[in-house]
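Here's the letter readout for the chains.
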Amino acid sequence: MTNAEVIAIGTELLLGEIRDSNIQFIARILRNLGIDMFRATLVGDNVTRIANAVGEALQRADIVITSGGLGPTVDDPTREAIAMALGVPLEFRPELWQQITERYHRFGRQPGENARRQAYIPQGAVPIENPVGTAPGFYCEIGSRVVISLPGVPKELEYLMNNKVAPYLKEHYGQQGIIKTLVLRTAGIPESQIDEWLADFERLINPTVGLAAHPGMVDIRLTVKAATEAEADQMLENLAAQIRTLLGDSIYGTNEQTLVQTVADLLNKKRWSLHVLTCGFDSNSLTDMLINGHFENIAISNVQAPCLELKPTIEVELSQFDHLADVFLVANMQENGPVAELLLQTRTPTIMISDKRYFGGPPANRSIWAINTAFDFIRRVLITNPI
């Protein structure tokens, strides 16, 4: 079974100055080729540490891919580090220098002496031409293993992975089957309860089942490896069916589907309207979610007054709208306050949410948990209401 490791290089990654996206992109390419990725490592711009990381990875993996550290500056040490790890010197490649010079000229620039560094690669390495940047990549074959070094600029790396590296890996290692994933999205059930129900599934080797908790929601990730896509799809379908039987309506969607979009789809189908009324709530998060939900009939109102303001003030706010909505989502209002009283008089279905409720997680997640909990309540009402 072919496996791979990825090493992302750059001190800026370790300092938290930028977020690495290259590992995720490489992982997806490897997954599509059916190659198992067992480990990813971040290393700073230090020749010795990079060389050690590469040497250790080669003891475990068939394929080692590095990203970053191939630029023209002194603090781009990947070429030296790979050469050190393999015990070979760097050598100057005139053809690479010509490519680099031509690319600089195309940009209307004259390459400096430091750009010449990019024409040096480990002895015996095979260059990977980079038509979308100035830093070429390279790969070094060590028996049945290979080290592939790519520039760290995301768009350059993505181009080279798609157009150079993926074809190389497929030719040399073959299509290792296919790895596919399916995410079942749930709401309204704590992670601990789902873990109890799915404990036996979580012990499987292929397929595998994993949980990821979010405020008020839990994702269930199903992953399978199979010889063909059709076989993988069948395995996922069979496993998902078993889990759906256990969790029922707690599953609101799959993959990229959001809870808010699910609620919007249900409301739109019933031709119901939604009126959201906020007072002193984290309205930015709520408004962003609502805008992305594509509701056909929605009104958003923020009461610019204390929540304990007299009932007439609230009535003025509501009078701005032609009619009371089919469903009211009221954020951070007292259950026995003037808004609740008014809505009860009109017999409008009302869901109250508050970021003052007890929430056992980080305080910063309290508002989003309250919003998700409220939307899940609306969802459950809608799927059980025959109207």
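Since the structure is predicted, the reported quantities are computational estimates derived from the model, not experimental observations.

So, on to the overall build of the protein chain. Each helix and strand counted, the protein chain has 13 helices and 16 strands in total. Counting over 387 residues, the protein chain shows a buried share of 47%. If you take every contact in the protein chain between residues at least 6 apart in sequence, the share linking residues at least 24 apart comes to 69%. Of the accessible surface of the protein chain, which amounts to about 19,400 Å², a share of 50% is contributed by carbon and sulfur atoms.

Let's shift gears to the nonpolar core. Residues Ile7, Ile50, Val54, Val64, Ile82, Phe138 and Val147 are the most contacted members of the largest nonpolar core, which totals 26 residues. Mapped onto this core, the elements with two or more residues apiece are strand 1 (3–9), helix 3 (47–60), helix 4 (78–86), helix 5 (94–106) and strand 7 (137–142). Broken down by element, the residue count for this core peaks at 6 residues, all from helix 3. Sequence-distant contacts of Phe138, defined by excluding residues within four places in its chain, comprise Leu70, Arg79, Ile82, Ile121, Pro122, Ala125, Val126, Pro127, Ile128, Val147, Ile148 and Ser149. Membership of the second largest hydrophobic core comes to 25 residues, among which are Ala8, Ile26, Ile65 and Tyr173.

A few words now on the side chain of Asn130. Positionally, Asn130 belongs in the loop between strand 6 (126–128) and strand 7. For Asn130, a relative accessible area of 1% corresponds to the buried category. Looking at Asn130, its side chain comes within polar contact range of the main-chain nitrogen of Gly133, at 3.2 Å.

When the terminal C-alpha atoms of helix 3 are compared, their 21 Å separation across 14 residues agrees well with the 20 Å that a helix rising 1.5 Å per residue should span. When helix 3 is considered as a whole, its buried residues turn out to be Ile50, Ala51, Ala53, Val54, Ala57 and Leu58. On an axial view of helix 3, the arc spanned by its buried residues comes to 160 degrees, and they lie on one face. Structural note: helix 3 exposes Arg49 and Gln59 on the side pointing more than 90 degrees away from its buried face. Here the buried face of helix 3 lies against strand 1, strand 2 (36–43), strand 3 (63–67), helix 4, strand 7 and strand 8 (145–150).

Rules used in this analysis
Residues numbered from 1 in each chain as written. Predicted model: local features only at pLDDT ≥ 70, side-chain atom pairs only at ≥ 80, totals over all residues. Heavy atoms only, no water. Helix = DSSP H or I, 4+ residues; strand = E, 2+ residues; numbered from the N terminus. Buried < 20%, exposed > 50% of the residue type's maximum accessible area, 1.4 Å probe, protein only. Contact = heavy atoms within 4.5 Å. Areas by Shrake-Rupley, 256 points an atom, 1.4 Å probe, with all protein chains shown as cover. Core = buried A, V, L, I, M, F, W, Y, C linked by side-chain atoms within 4.5 Å. Polar contact = N/O pair within 3.5 Å; in protein donor to acceptor, adjacent residues only side chain to side chain. Expected span 1.5 Å × (residues − 1). Arc of directions from axis to C-beta.

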